[in-house]
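Coordinates in review
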Amino acid sequence: MTGPILSRRDLIEVAGALSVGAVFAQPLKAAASGPAEAAPGATPWADPAMPGVTHRMVETNGIRLHVAEQGEGPLVILCHGFPECWYSWRYQLSALAKAGFRAVAPDLRGYGRSDRPDAVEKYTILHNIGDMVGLVEALGAKQAVIAGHDVGAPIAWQAALVRPDRFRGVIALGPPFRSRGFGDRGPPTTLMPRTRDALFYQLYFQTPEAEAALGSDTRRMFRSLFYSLSGNGAASPSGGGMTAGMIPLNGDFLTNPASLPSWISESDLDVYVEEFARSGFRGAVNWWRNVDRGWELMAPFAARPLTVPALYLAGDRDLIAALFRQAVAQQSTLVPKLRQAMLPGCGHWTQQERAPEVSAAMIDFLRSLPTAAAA
């Protein structure tokens, strides 16, 4: 890929009208005032495989999001990464509920049962932030703590940056805080490495070839990514084909490990395979097709400090944290109320690989925050 899909003038005109209003709007008039009234067909349904977890559709920011929720108390919104879904937070849903919190894990727009807008330009970071702002309102709350892993992390970071009135704290796993969501140095795609034989992973995932490859053998794809990007795969010389974040163009970058790591099972994979059989990968890769656009739209917030309390967790074998190690080292300059910790032996799938430690750290952080505003 050589740059943004649309002209920058087109991007600013379209997204400025659609996204900025959603992010900065007063409480949404279209959103319901309470959970039971969130959207047509919003009647919760039980999850037989996970007692205590309920599912429903919630209307927010002009679309419907599928959410899984458990517990009562102060609201915590959990944003998954790529290519994942609500299920990546399965351990934290129950742990947070037991600790006295209301944990809600949505499928992001384009994923799972959530709506999948057709237009590529509907997948900017501001659209995702707008979804989360509207979700707080639709769930009948005034404030939430927002957590995010992988692509969910910049959504969480920037949501707390632009709407500290709605998000009283932020928890990020993997990607560190970066000004404008993608850094200040210039349009992100112009800075990403590429060679004749390989592309940086964020460039590769923008291509039609990536979309086709991800969907051609979904189970193998998940086996490969969950192994090769985990602490298990990172410790193995043959762990995967994403050295330094580069995807080879002249070969198959997916591995097929003989066995899965102990923290994930074939039945767990069944959930991911089923979800992406439903949604496909287009909505998921459309995030990457909007990174330059998101960088442009976040320009008004360049170098603005994040004022709410923040927790950052990452594995010391996480490829993503390693690629952005300079930002990890510098993020406290823009996040003055930051706690951070590295998890030994942990790879990219933080909250699944180290579920007890991550849940405990999240609960400790949540309990340290001032009381949430009353609904």
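This report concerns the structure included in the present document. (Residues numbered from 1 in each chain as written. Predicted model: local features only at pLDDT ≥ 70, side-chain atom pairs only at ≥ 80, totals over all residues. Heavy atoms only, no water.)

**Some points on helix H3 (residues 125-138)**
- In a regular helix each residue adds 1.5 Å, so 14 residues correspond to 20 Å; H3 covers 20 Å between its end C-alpha atoms and thus fits that length.
- Counted residue by residue, H3 has 14 buried out of 14 residues, so it is predominantly covered.
- Positive phi appears at Gly140, one or two residues downstream of H3, with a value of about 80°. (Helix = DSSP H or I, 4+ residues; strand = E, 2+ residues; numbered from the N terminus. Expected span 1.5 Å × (residues − 1). Buried < 20%, exposed > 50% of the residue type's maximum accessible area, 1.4 Å probe, protein only.)

**Quick notes on the sheet that holds strand S1 (residues 45-46)**
- Spatially, nine strands are ordered S1-S2-S3-S5-S4-S6-S7-S10-S11 in an open sheet, and the strand pairing comes out mixed. Edge strands, defined here as strands with exactly one partner in the open sheet, are S1 and strand S11 (338-343).
- Judged from the six bridges that link them, strand S6 (residues 144-149) and strand S7 (residues 167-173) form a sheet pairing that is parallel. Note that in S7 the partner of Val145 across the bridge is Gly169.
- Lying over the sheet, helix H16 (residues 355-368) contacts strand S4 (75-79), S6, S7, strand S10 (310-315) and S11, oriented at roughly 170° with respect to S10. (Pairing = 2+ DSSP bridges. Contact = heavy atoms within 4.5 Å. Axes fitted to C-alpha atoms, helices over the stretch in contact; angles between N-to-C directions.)

**A few points about the pairing of S10**
- Burial of S10 is extensive: six of the six residues sit out of reach of the surface.
- The two faces of S10 match: Ala310, Tyr312 and Ala314 on one face and Leu311, Leu313 and Gly315 on the other face are all buried.
- Here S7 runs beside S10; their pairing, made up of four bridges, is parallel. In the sheet register, Leu173 faces S10, and the bridge partner there is Leu313.
- Across six bridges, the pairing between S10 and S11 is parallel. Across the sheet, the residue bridging to Ala314 is Met342, located in S11.

**Thoughts on the packing of H3 against helix H4 (residues 152-162)**
- Two elements in contact, H3 and H4, have axes separated by 9 Å at closest approach and are oriented at 70°. Regarding the angle of H3 to H4, the classification is roughly perpendicular. As H3 packs across H4, the resulting crossing turns out to be right-handed. Between H3, through Ile125, Asn128, Ile129 and Met132, and H4, the contact on the second element is made entirely by Pro154, Ile155, Gln158, Ala159 and Val162.
- For the contact of H3 with H4, a count of residues per class yields seven nonpolar, two polar and no charged. (Parallel < 35°, antiparallel > 145°, perpendicular 65-115°, else oblique. Left-handed = near helix turned anticlockwise from the far one by under 90°. Nonpolar A, V, L, I, M, F, W, Y, C, P; charged D, E, K, R; others polar.)

**Looking at the pattern of salt bridges**
- One pass over the structure, following the stated rule, counts 16 salt bridges.
- One salt bridge in this structure joins Glu266 and Arg219, with 2.7 Å as the shortest N-O distance. Linking Glu266 in helix H10 (residues 266-279) with Arg219 in helix H8 (residues 218-228), this pair joins segments that are 47 residues apart in sequence.
- Classification of Arg219 as partly exposed rests on a relative accessible area of 28%.
- The partner of Arg278 in a salt bridge is Glu275, and the shortest N-O contact between them spans 2.9 Å. (Salt bridge = Lys/Arg side-chain N within 4 Å of Asp/Glu carboxyl O.)

**Notes on the pairing of strand S3 (residues 63-70)**
- With seven of eight residues buried, S3 lies mostly within the body of the structure.
- Relative to S3, strand S2 (residues 54-60) is paired through seven bridges, and the arrangement is antiparallel. In the strand pairing of S3, Thr54 is matched with Glu69.
- Between the end of S2 and the start of S3, which pair antiparallel, lie two residues, with Asn61 showing a positive phi angle near 55°.
- Where S3 and strand S5 (residues 102-106) come together, four bridges link them in antiparallel fashion. Within S5, the residue paired with Glu69 across the bridge is Val104.

**Observations regarding the side chain of Arg163**
- Along the polypeptide, Arg163 turns up in the loop between H4 and S7.
- Looking at Arg163, the relative accessible area reads 8%, which means it is buried.
- Polar side-chain contacts of Arg163 include one of 2.8 Å to the side chain of Asp165. (Polar contact = N/O pair within 3.5 Å; in protein donor to acceptor, adjacent residues only side chain to side chain.)

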